[in-house]
Amino acid sequence: MTRDTYLKRSLGTQANRIRESRVLLVGAGGIGCELLKNLLLTGFGEIHVIDLDTIDLSNLNRQFLFRHEHIKKPKAIVAKEVAQKFQPSARIEAYHANIKDSKFDVDWFATFNVVFNALDNLDARRHVNMMCLAADVPLIESGTTGFNGQVQVIKKNVTECYDCNSKEVPKSFPVCTIRSTPSQPIHCIVWAKSYLLPELFGTSETDTEEFDYSADADNVEEIENLQREARALKEIRQSMGSAEFAQKVFDKVFKEDINRLRGMEDMWTSRKAPEPLDFKELEGTLSTVEPEVSLKDQRVWTVSENLAVFKDSLDRLSKRLKTLQSEESGSPAVLVFDKDDVDTLDFVTASANLRATIFGIEPKSKFDTKQMAGNIIPAIATTNAMTAGLCVLQALKVLKGDYDHAKMVFLERSGARAINSESLNPPNPHCPVCSVAHARIEIDLTRATLNDLVENILRTQLKYGQEFSVNTEQGTIYDPDLEDNLPKKLSDLGITTSAFLTVIDEDEQPRVNLQLIVVAPGSPPSEEQPIVLNRIPEIPRKPQAPAPYDAEANGTSNLGKRKRDANETELNGDPPTKRVANVSISDGADKAHPIDLSEAEGGAILIDDD
């Protein structure tokens, strides 16, 4: 009896279809490891795995294909080598690469029967979603956070895509909240991670996405003061390695800066003013601190223990930077935060806790700080395994083309049932990603100009009027008020093979957006026409939004106002209202990105719909 005897009995005639399928797995983390194993044991004959990451110590508790000896090795390569033992006859191709690399173009995606997403970041998810829509390949999207999980089937023109519903953006903090008026532990942690550490050991981080200046437009004077403090810290860096370095840094950020803030009395009329710390006074208590206190990562350290860890980590980081500076010959050496780097984690934990003490905020343990600073969402191996299994069940329906029985599936510990599902929603007609038309253009990038594209293709062949724009990922390259680029070569405007050009119609009755996919010429283009449109695509008009409901004109009571508000929401192009759970979805790895979980309306998962 062969090892796939029972598999053939379970799957019947579909076993051959599965064995001949060619599938792509994007991500080899928490879900990816489970999913690769499931795909092999289900009998999939050809699997391509791609992942950019390498294996960390923190991965080993749930990414079961990896062992201690694999640390620092590429995830995709190791996953292939280990998982091959589950099904030696299967063909596995591994890529230690970024899925956004140009070599993984639309034509490459189109070679697969189905694509699985097991990613941990929003940008890559959106990219794979866009590529699968352009290649017209079904995508099975998945993610987990703690006990919650989700599996979504995406098919062009059949279901809603990943971007049909808006996603929450990563949290940002006003700079003056972080630097002047913190009120939560996360404010102190972000200050230590994204301000103090880079100012001392890297490059200034005051312009990163975690610092949002837009809410502080009226605080010009305060922002200038904060920038002055940054310049002062850069001067203190010159004493790095000396015996006085730790005290200079401490006095600057935990005493002098705090005294300056206390002098701004208007800031403390409705809140408690911060209390500065004295280095000499605290230094006298260090004799009571255990030498290995930094290893006590599950409990909150005392103020004295935080000072001891602050000094020790500052010394360790100073020595590391000096060593790097002596070895580097090109770009300046810098140290950056890594949740798995003991030195930087110790420094951020101690610095954040000292600042929290000053502002009367609850300090955090090193373990909690690692979770908050590293954006770690708790990952549970069982949730990853269940989600991976649900992915394969949905894939079996996709391979049969049975989208009527395919489901959006949810794992919810708090619900009446652990597993719930709902029918797939149709595409959102206002979605900027899946409501577009697609076409391919062959371009001789050595000769083709923007004017060739605008005049010969868009106006002459596709009959666009005067009001439209041409956009790339970098921004707009043409509109009626931006004609300076017309004589330029497309290559000089950053256009490469496999790039996407988005044409936005701005006439009174506009057509849907058109995505032009740039491909290399199949044969040498003619001298007269360096751009060839493969076919004339159908570009329908954008759907008309329904007229707003006027409750007062129709004499309805206030009960109708809530209905009118809902209509107005749909008029603005937003999806119909759904109950949304406040959870984040990750791949069970170390980062998480928010995703909406629509209300599950019941219905058990269909194991066999025949």
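Since the structure is predicted, the reported quantities are computational estimates derived from the model, not experimental observations.

Novice: What is the right way to read the overall build of the chain from this model?
Specialist: Assigned secondary structure in the chain consists of 17 helices and 20 strands. In the chain, buried positions account for 51% of the 610 residues. Restricting the contact set of the chain to residue pairs at least 6 apart, pairs at least 24 apart contribute 68%. Accessible surface for the chain amounts to roughly 29200 Å². Of this, 48% is attributable to carbon and sulfur atoms.

Novice: Sorry, what's going on with the pattern of salt bridges here?
Specialist: Two side chains of opposite charge can pair, provided their charged atoms sit close to one another. Going through the model one piece at a time under the given rule, you end up with 27 salt bridges. For Arg125, the salt bridge is made with Glu141, and the minimal N-O distance between the two is 2.6 Å. Here Arg125 is found in helix α6 (residues 122–135), whereas its partner Glu141 is found in strand β5 (residues 139–145), with 16 residues between them in sequence. Where Arg126 meets Asp163, a salt bridge forms, and the shortest distance between an N and an O atom there is 2.8 Å. Here Arg126, found in helix α6, pairs with Asp163, found in the loop between β6 (148–154) and β7 (173–174); they are 37 residues apart in sequence, far enough to count as distant. Overlapping salt bridges, with partners in common, bring together Asp312, Arg316, Arg320, Asp341, Asp343, Asp346 and Lys366 in one network.

Novice: Looking at this structure, how should I read the environment of Ala379?
Specialist: Within the secondary structure, Ala379 sits in the loop between α14 (366–373) and α15 (381–399). Assessed through its relative accessible area of 27%, Ala379 is described here as partly exposed. In the structure, Ala379 is positioned 349 residues away from Gly30 in sequence and 8.0 Å away in space, judged by C-alpha atoms.

Novice: Teacher, can you tell me more about the packing of helix α8 (residues 185–201) against helix α13 (residues 342–358) here?
Specialist: Two quantities define a packed helix pair, namely the angle between the helix axes and the distance between the axes. For the pair α8 and α13, the least separation of the axes is 8 Å and the interaxial angle reads 120°. On the basis of the axis angle, α8 is oblique to α13. Regarding α8 and α13, the two cross each other, and that crossing is right-handed. Residue-level inspection shows Cys188, Ile189, Trp191, Ala192, Lys193, Leu196, Leu197 and Leu200 of α8 in contact with α13, the latter providing Thr344, Phe347, Val348, Ser351, Ala352, Arg355 and Ala356.

Novice: Please explain the packing of aromatic side chains as it appears in this structure.
Specialist: What describes a pair of aromatic rings is the distance from one ring centre to the other and the angle between the planes of the rings. Taken as a whole, this structure holds 15 aromatic pairs when the rule is applied. A centroid spacing of 5.6 Å and a plane angle of 85° characterise the contact between Tyr95 and Phe104, whose relative ring orientation is edge-to-face. Overall, Phe104 belongs to the buried group, its relative accessible area being 4%. Look at Phe201 and Phe347: their rings are 6.0 Å apart centre to centre, the planes differ by 90°, and that puts the pair in the edge-to-face class. You can see Phe201 sitting in helix α8 and its partner Phe347 sitting in helix α13, a full 146 residues away along the chain. Per residue, the accessibility class of Phe201 equals that of Phe347, and both read buried. These aromatic residues form a ring-pair network of at least three members: Trp191, Tyr195, Phe201, Phe250, Phe254, Phe279, Phe310 and Phe347.

Novice: What is the right way to read a negative patch on the surface from this model?
Specialist: Taken together, the side chains of Glu467, Asp481, Glu483, Asp484, Glu506, Asp507 and Glu508 present a region of like negative charge at the surface. Positionally, Glu483 belongs in the loop between β13 (475–478) and β14 (500–505). Looking at Glu483, the relative accessible area reads 44%, which means it is partly exposed.

Novice: In this structure, what is going on with empty space enclosed by the protein? I would like to understand it.
Specialist: All told, the structure shown has 4 cavities of 30 Å³ or more when counted by the stated rule. Counted as a void, the second largest cavity has a volume near 70 Å³. Taken together, 11 residues form the lining of the second largest cavity, with Arg179, Trp191, Glu229, Asp257 and Arg355 sitting closest to its centre. Contributing elements (two or more residues each) for the lining of the second largest cavity: α8, α9 (220–236) and α10 (245–262). Ranked by the residues each element gives to the lining of the second largest cavity, the list is headed by α10, at 5 residues. Here the residues of the lining of the second largest cavity are counted per class, giving 6 nonpolar, no polar and 5 charged.

About the criteria used
Residues numbered from 1 in each chain as written. Predicted model: local features only at pLDDT ≥ 70, side-chain atom pairs only at ≥ 80, totals over all residues. Heavy atoms only, no water. Helix = DSSP H or I, 4+ residues; strand = E, 2+ residues; numbered from the N terminus. Buried < 20%, exposed > 50% of the residue type's maximum accessible area, 1.4 Å probe, protein only. Contact = heavy atoms within 4.5 Å. Areas by Shrake-Rupley, 256 points an atom, 1.4 Å probe, with all protein chains shown as cover. Salt bridge = Lys/Arg side-chain N within 4 Å of Asp/Glu carboxyl O. Axes fitted to C-alpha atoms, helices over the stretch in contact; angles between N-to-C directions. Parallel < 35°, antiparallel > 145°, perpendicular 65-115°, else oblique. Left-handed = near helix turned anticlockwise from the far one by under 90°. Phe/Tyr/Trp six-rings, centres within 6.5 Å; stacked < 30°, edge-to-face > 60°. Patch = residues over 30% accessible without salt bridge, like charges linked within 9 Å, V, L, I, M, F, W, Y side chains within 5 Å. Lys, Arg positive; Asp, Glu negative; His and termini not counted. Charge placed at Lys NZ, Arg CZ, Asp CG, Glu CD. 1 Å grid on protein atoms, 1.4 Å probe; cavity = no way out; pocket = protein on both sides within 12 Å on 5 of 7 lines; lining within 4 Å. Points joined across faces, edges and corners; volume = space filled by probe spheres on them. Nonpolar A, V, L, I, M, F, W, Y, C, P; charged D, E, K, R; others polar.

The analysis is restricted to geometry; functional conclusions fall outside its scope.
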